[in-house]
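Okay, here's what each chain looks like letter by letter:
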Amino acid sequence: MQISKDMLIGELIMKNELIAPMLMRAGMHCLGCPASQMESLEEACMVHGIDCDSLVNGINEVLADK
């Protein structure tokens, strides 16, 4: 499985149990907020000042190993 920056946060955290902790470690501590569930990963990264391409690459590397 691969993720992309246009995927919704709610969709991502349902795809794999490893994704939510990775997002939390990156600084996205608002995963429980209902509004965050409808944001794309790219939008959430912009709000939190996170390099989205780097985060996507890191998550995809971890998922590829599983």
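What you see is a predicted model; the values in this text were computed from it and never measured.

Analysis parameters
- Residues numbered from 1 in each chain as written.
- Predicted model: local features only at pLDDT ≥ 70, side-chain atom pairs only at ≥ 80, totals over all residues.
- Heavy atoms only, no water.
- Salt bridge = Lys/Arg side-chain N within 4 Å of Asp/Glu carboxyl O.
- Helix = DSSP H or I, 4+ residues; strand = E, 2+ residues; numbered from the N terminus.
- Buried < 20%, exposed > 50% of the residue type's maximum accessible area, 1.4 Å probe, protein only.

Q: Kindly report on the pattern of salt bridges, identifying the contributing residues and their values.
A: Evaluation of the coordinates by the stated rule reveals two salt bridges. For Lys5, the salt bridge identified is with Glu42, shortest N-O distance 3.9 Å. Linking Lys5 in the segment before helix H1 (9-15) with Glu42 in helix H3 (residues 41-48), this pair joins segments that are 37 residues apart in sequence. Overall, the relative accessible area of 31% leaves Lys5 in the partly exposed class. Between Lys5 and Asp53 there is a salt bridge; the shortest N-O distance is 3.3 Å. One end of the pair, Lys5, is in the segment before H1; the other, Asp53, is in helix H4 (residues 52-64), and 48 residues separate them in sequence. Residue classification places Asp53 among the partly exposed residues on the basis of a relative accessible area of 43%. Within the structure, one salt-bridge network assembled from shared partners comprises Lys5, Glu42 and Asp53.

Just distances and angles here, no functional claims.
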